[in-house]
Amino acid sequence: MSRYALRAASVAAALGLWQLLTGLDVDLWLRFSQFPTVADIARAFADRLAGDDYWTDLTDSLTRILTGFLLAAVLGVATGVLVARSRLAEDLLGTVLEVVRPVPAIALVPVAILLFPSNEQGIVFITFTAAFFPVLVSTRHAVRALNPVWEEAVSTLGGGRWRILGSVVLPGALPGIFGGLSVGIGVSWICVISAEMISGQYGVGYRTWQDYTVVDYPGVFVGMVTIGVLGWLTSTAVELLGRRLTHWLPRTSYVPGPRAPRRASGAAAPSPAPAGSAPEKGVPHDQLV
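Note that the coordinates shown come from a computational prediction; the quantities given were computed from them, not determined experimentally.

Enquirer: I tried to follow the packing of aromatic side chains on my own but got confused; where do I start?
Expert: Two descriptors summarise a pair of aromatic rings, namely the distance from one centre to the other and the angle between the planes of the rings. For the structure shown, the criterion picks out 10 aromatic pairs. Ring plane angle 90° and centroid distance 5.4 Å describe the contact between Tyr-54 and Trp-55, whose orientation is recorded as edge-to-face. The buried category is assigned to Tyr-54, whose relative accessible area is 13%. Counting every residue linked through ring pairs, the aromatic cluster contains Trp-18, Phe-32, Phe-35 and Phe-221.

Enquirer: Hey, could you run me through the environment of Gln-210 in this one?
Expert: As for its position among the elements, Gln-210 is in helix H9 (residues 204–213). Each C-alpha atom, one on Gln-210 and one on Val-220, is 8.4 Å from the other, the two residues being 10 residues apart in sequence.

Enquirer: Whenever I open this one, the pattern of salt bridges confuses me. Can you help?
Expert: Opposite charge on two side chains makes pairing possible when the charged atoms of those side chains draw close. Following the criterion strictly, the structure yields 10 salt bridges and no others. Salt-bridge contacts for Arg-64 lead to Glu-120; the nearest nitrogen and oxygen are separated by 2.8 Å. Here Glu-120 lies in helix H6 (residues 119–144) and Arg-64 lies in helix H3 (residues 52–85), a separation of 56 residues in the sequence. Taking the relative accessible area as the measure of exposure, Arg-64 reaches 3% and is therefore buried. One salt bridge in this structure joins Arg-144 and Glu-90, with 3.0 Å as the shortest N-O distance. With Arg-144 in helix H6 and Glu-90 in helix H4 (residues 87–100), this pair connects stretches of sequence that are 54 residues apart. The exposure class assigned to Arg-144 is partly exposed, which follows from its relative accessible area of 41%.

Enquirer: Help me understand the packing of H3 against H4, please; the structure alone is not making it clear to me.
Expert: Packed helices, taken two at a time, are described by the angle between their axes plus the distance between the axes. Look at H3 against H4: their axes get within 7 Å of each other, and the N-to-C directions meet at 120°. In terms of orientation, H3 lies oblique with respect to H4. In the crossing of H3 with H4, the sense of the turn from one axis to the other is left-handed. Within the contact between the two elements, H3 uses Thr-79, Leu-82, Val-83 and Arg-85 and H4 uses Arg-87, Ala-89, Glu-90, Leu-93 and Leu-97.

Enquirer: Please explain the environment of Ile-227 as it appears in this structure.
Expert: Position of Ile-227 among the secondary structure elements: in helix H10 (residues 217–245). Along the primary structure Ile-227 and Thr-208 are separated by 19 residues, whereas in three dimensions their C-alpha atoms are 9.8 Å apart. When residues no more than four places from it in sequence are discounted, the contact partners of Ile-227 are Ile-193 and Val-204.

Enquirer: Looking at this model, I keep getting lost on a nonpolar patch on the surface. Mind explaining?
Expert: On the surface, a nonpolar cluster with roughly 650 Å² of combined accessible area is contributed by Ile-106, Met-197, Ile-198, Trp-209, Tyr-212, Val-215 and Tyr-217. Those elements that provide at least two residues to the nonpolar patch are helix H8 (161–199) and H9. Following the sequence through the fold, Val-215 ends up in the loop between H9 and H10.

Enquirer: Would you explain the side chain of Thr-246 in this entry?
Expert: Looking at the element boundaries, Thr-246 is found in the segment after H10. Among the polar contacts made by the side chain of Thr-246, one reaches the main-chain carbonyl oxygen of Gly-242 at a distance of 2.6 Å.

Enquirer: What should I look at first to understand the confidence of the model for the chain in this one?
Expert: As a note on interpretation, predicted positions should not be read in detail where pLDDT is low. For the chain, mean pLDDT is 83; residues scoring 70 or higher make up 85% of the total. Per-element mean pLDDT across the chain ranges from 80 in helix H7 (residues 148–156) up to 92 in H3. This model gives residues 274–289 a pLDDT under 50, and the stretch forms 4 contacts once residues within four places in sequence are excluded.

Cut-off values and rules
- Residues numbered from 1 in each chain as written.
- Predicted model: local features only at pLDDT ≥ 70, side-chain atom pairs only at ≥ 80, totals over all residues.
- Heavy atoms only, no water.
- Phe/Tyr/Trp six-rings, centres within 6.5 Å; stacked < 30°, edge-to-face > 60°.
- Buried < 20%, exposed > 50% of the residue type's maximum accessible area, 1.4 Å probe, protein only.
- Helix = DSSP H or I, 4+ residues; strand = E, 2+ residues; numbered from the N terminus.
- Salt bridge = Lys/Arg side-chain N within 4 Å of Asp/Glu carboxyl O.
- Axes fitted to C-alpha atoms, helices over the stretch in contact; angles between N-to-C directions.
- Parallel < 35°, antiparallel > 145°, perpendicular 65-115°, else oblique.
- Left-handed = near helix turned anticlockwise from the far one by under 90°.
- Contact = heavy atoms within 4.5 Å.
- Patch = residues over 30% accessible without salt bridge, like charges linked within 9 Å, V, L, I, M, F, W, Y side chains within 5 Å.
- Areas by Shrake-Rupley, 256 points an atom, 1.4 Å probe, with all protein chains shown as cover.
- Polar contact = N/O pair within 3.5 Å; in protein donor to acceptor, adjacent residues only side chain to side chain.
- pLDDT = per-residue confidence, 0-100.

Right, here's the structure in full:
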């Protein structure tokens with residue numbers, strides 16, 4: 001509970017500092033006088049929540065992000081495993097993917113406009129592209145980093161390729177896969193908002209850009225807060241799902257323990273305990289070396 005209280009206090013302190021700087025119109029190189037206050041944003045937020053447009057924009061953005069992200073998750077994992085396990089697939093796809101990967105997804109907006117018959121499909125395509133490559137790269141590296149002894153053990157016991165894939169490759173690569181998914185969902189939010197600003201008709205990004213064009217700065221910050229909260233919620237959901245599916249992994253947390261006493265110069269090191277003897281009372285087993 002103390003950790004949650006500390007997190008809430010940090011957010012409250014940041015909001016209080018924001019309100020103080022904007023309320024006093026502080027201009028020390030940074031022009032806080034141009035910013036809306038926290039109270040102004042809160043009033044704008046309440047007005048938006050009372051209308052239908054806000055919920056329509058929210059539904060449209062979530063539909064786009066979830067559709068593109070789920071497609072990227074399935075195809076990214078499948079392609080990553082294929083490239084990591086097959087030399088033929090790596091030769092056929094590896095070079096093409098590596099050439100396309102550095103291109104920012106938002107730079108594909110003109111391609112999406114020309115390629116797809118509707119803006120909606122183009123935005124989903126941009127969202128998919130943004131999440132696809134982080135998932136692909138993380139999956140590829142995670143599969144290649146697996147210990148080959150595990151695969152050899154399953155093969156020795158008579159397991160085939162599909163058995164190895166289901167019992168060794170995918171479970172062993174899950175931590176790396178979810179690392180890529182966590183990065184991919186964040187990048188997807190960045191790109192879907194940018195795509196909505198450019199070619200969307202509804203959505204949080206589209207509404208934020210419209211507020212900027214009519215100089216409604218509290219409305220702009222309402223969109224920014226909405227994007228931040230949605231990104232945090234979806235990233236947390238991916239992380240929790242990853243922890244649930246990898247519950248068999250050891251979980252470690254830093255807990256400071258007592259320091260070992262320092263030996264005096266020239267003092268003899270303690271002799272190791274005889275094999276089979278019980279550990280001394282109060283001494284952890286891993287310290288009996």
